[in-house]
Amino acid sequence: MTKSALALAVLAALSLNNSAHAQSNVQVYGLIDAGVEAVNHAGANDGGMVRVISGGKNTSRWGLRGSEDLGGGLKTVFNLEGGILLDTGAADGALFRRQANVGLEGSLGRVVIGRSFTTTYDLVIKFDPLGFAPNYSWATTGAATGPSKYGMTTAFDNLVKYSGSTGNFSYGASVGLGEQPGNTADGRKYAVGGSWTAGGLSLMAAYEQINGSILPATGNRDKTTAFHLGADYRTGQWRYLAGMRGYKMEAGKAATPDLRGDTYWGGITWVTGKTTLTGAVYHINTKNLPTARDADPTMIVARAMYALSKRTDLYLSAAHASADHGQLVGLSRDDPGSGTTQTGVTAGIQHRF
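Residues numbered from 1 in each chain as written. Predicted model: local features only at pLDDT ≥ 70, side-chain atom pairs only at ≥ 80, totals over all residues. Heavy atoms only, no water.

This part covers the pattern of salt bridges. Oppositely charged side chains may form a pair once their charged atoms are brought near each other. Summed over all chains, the structure comprises 15 salt bridges. A single network of salt bridges, built from pairs that share partners, joins Lys 149, Arg 333 and Asp 334. (Salt bridge = Lys/Arg side-chain N within 4 Å of Asp/Glu carboxyl O.)

Structure below.
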């Protein structure tokens with residue numbers, strides 16, 4: 001994406017925000033998050049590094065969202081959202097890679113079409129002690145090191161998505177159409193799930209399946225499935241979270257074993273005044289691998305946040321990850337480590353607008 005294209009998009013967003021109030025409710029919003037990280041085992045020479053990172057707590061992004069009241073309790077809704085790499089100022093992928101959808105919302109729920117986060121993502125993110133941090137969280141996907149991240153899919157292209165609620169229950173379903181001629185199952189993705197909340201307790205369950213395309217040699221296709229379970233209990237200043245994912249990738253290629261891994265996590269958060277303290281642990285039990293490659297990585301995380309205002313937080317995070325049998329491990333879901341352990345500390349600031 002060129003700088004001129006981004007400038008035009010921002011100009012259009014500001015124009016909409018100032019002139020369209022009579023017809024609809026349009027909002028420009030965003031989250032800006034940057035930090036300085038010191039991490040070891042960060043390169044091919046196994047050396048340490050100090051770097052500026054974008055999204056130490058949450059992914060930086062900006063977007064447009066809005067609605068139009070159609071009457072009778074029905075309204076049109078839309079969302080356009082793109083990622084920002086704050087360390088360089090570059091766009092994180094396509095202009096609206098994170099979300100680009102339009103739909104309807106009423107008393108029976110909300111339906112959108114386009115690109116959006118999946119039902120699984122919407123549910124699991126609420127049960128992650130670190131809140132889907134790009135660094136130092138494996139709740140949505142494991143470390144980038146190894147044969148698989150043993151994770152879930154955060155968003156679908158070509159999506160139709162429904163979400164609704166009844167009493168204490170929230171639920172939804174997402175379908176990403178494969179758009180392959182002659183075979184609607186090739187490339188198709190779907191996710192379903194729901195949660196229940198009463199008093200201080202919340203429970204969650206979700207499932208997703210991602211299809212590849214039929215391989216002519218075997219007549220089979222690659223298929224990835226992942227189910228999630230989670231619990232969240234709040235009492236006074238304390239919050240306790242636990243969750244797990246069961247991941248399986250079935251290979252369409254002949255004589256290729258399934259790849260399996262279960263991820264478990266738990267965390268405790270304590271809030272006092274403007275300060276929030278969180279401790280969490282993540283563990284991946286890798287399966288169907290030779291003993292020498294069975295990493296079974298574990299990561300321990302601690303984070304302190306201080307609220308300067310309702311929109312601005314300072315944070316300090318520290319994490320340590322280790323793997324078995326001499327396998328490599330990394331703290332981040334995106335950046336692989338170069339050693340059997342990795343330790344990092346990040347100090348950052350986040351502002352929401």
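Another aspect to go through is the packing of aromatic side chains. Evaluated as defined, the whole model comprises 8 aromatic pairs. A ring pair is formed by Tyr 150 and Tyr 247, whose centres lie 5.7 Å apart and whose planes are at 75°; its orientation type is edge-to-face. One end of the pair, Tyr 150, is in the loop between α2 (119-124) and β8 (155-166); the other, Tyr 247, is in strand β13 (residues 238-250), and 97 residues separate them in sequence. Each member of the pair, Tyr 150 as well as Tyr 247, carries the same accessibility label: buried. Their ring planes at 45° and their centres at 6.3 Å tell us that Tyr 190 and Tyr 207 sit as a pair that is tilted. Within this pair, whereas Tyr 190 is found in strand β10 (residues 189-198), its partner Tyr 207 is found in strand β11 (residues 201-214), the two being separated by 17 residues in sequence. Among the residues examined, Tyr 190 registers a relative accessible area of 27% and is labelled partly exposed. Counting every residue linked through ring pairs, the aromatic cluster contains Phe 117, Tyr 121 and Phe 132. Directly above the aromatic system of Tyr 29 lies the positively charged group of Arg 65, at a separation of 3.8 Å from the ring centroid. When the ring centre of Phe 132 is taken as origin, the NZ or CZ atom of Arg 333, which lies over that ring, is 4.3 Å away. (Phe/Tyr/Trp six-rings, centres within 6.5 Å; stacked < 30°, edge-to-face > 60°. Helix = DSSP H or I, 4+ residues; strand = E, 2+ residues; numbered from the N terminus. Buried < 20%, exposed > 50% of the residue type's maximum accessible area, 1.4 Å probe, protein only. Lys NZ or Arg CZ within 6 Å of the ring centre and 35° of its normal.)

Below, the discussion takes up the nonpolar core. Counting residues in each nonpolar core, the largest one holds 34 residues, and the members touching the most others are Trp 138, Tyr 282, Met 299, Val 301 and Leu 331. For this core, the secondary-structure elements that each account for two or more residues are α2, β11, β14 (259-272), β15 (275-287), β16 (298-307) and β17 (312-322). Core analysis: the next-biggest nonpolar cluster, separate from the first, contains 6 residues, Val 77, Val 112, Phe 156 and Leu 159 among them. (Core = buried A, V, L, I, M, F, W, Y, C linked by side-chain atoms within 4.5 Å.)

A few words on the pairing of β10. With 8 bridges connecting them, strand β9 (residues 169-176) and β10 associate as antiparallel partners. Among the inter-strand pairings, Ser 170 is bridged to a residue of β10, identified as Ser 195. The sheet contact formed by β10 and β11 spans 10 bridges and is antiparallel. Bridge pairing in β11 places Gly 193 opposite Ala 206. (Pairing = 2+ DSSP bridges.)

Okay, the side chain of Arg 245 next. Locating Arg 245 in the fold gives a position in strand β13. It turns out Arg 245 is buried and unbridged, and the closest side chain with the opposite charge, Glu 208, is 7.7 Å from it. Within polar-contact distance, the side chain of Arg 245 engages the backbone oxygen of Tyr 150 at 2.8 Å. Here His 228 takes part through its side chain, which lies 3.1 Å from a polar atom of the side chain of Arg 245. (Lys, Arg positive; Asp, Glu negative; His and termini not counted. Polar contact = N/O pair within 3.5 Å; in protein donor to acceptor, adjacent residues only side chain to side chain.)

This part is about a nonpolar patch on the surface. A cluster of nonpolar side chains, contributed by Leu 201, Leu 203, Tyr 233, Trp 238, Tyr 240 and Ile 268, occupies part of the molecular surface with about 520 Å² of accessible area. Counting only elements with at least two residues in the nonpolar patch, the list comes to β11 and β13. Mapped onto the fold, Tyr 233 is located in strand β12 (residues 221-235). (Patch = residues over 30% accessible without salt bridge, like charges linked within 9 Å, V, L, I, M, F, W, Y side chains within 5 Å. Areas by Shrake-Rupley, 256 points an atom, 1.4 Å probe, with all protein chains shown as cover.)

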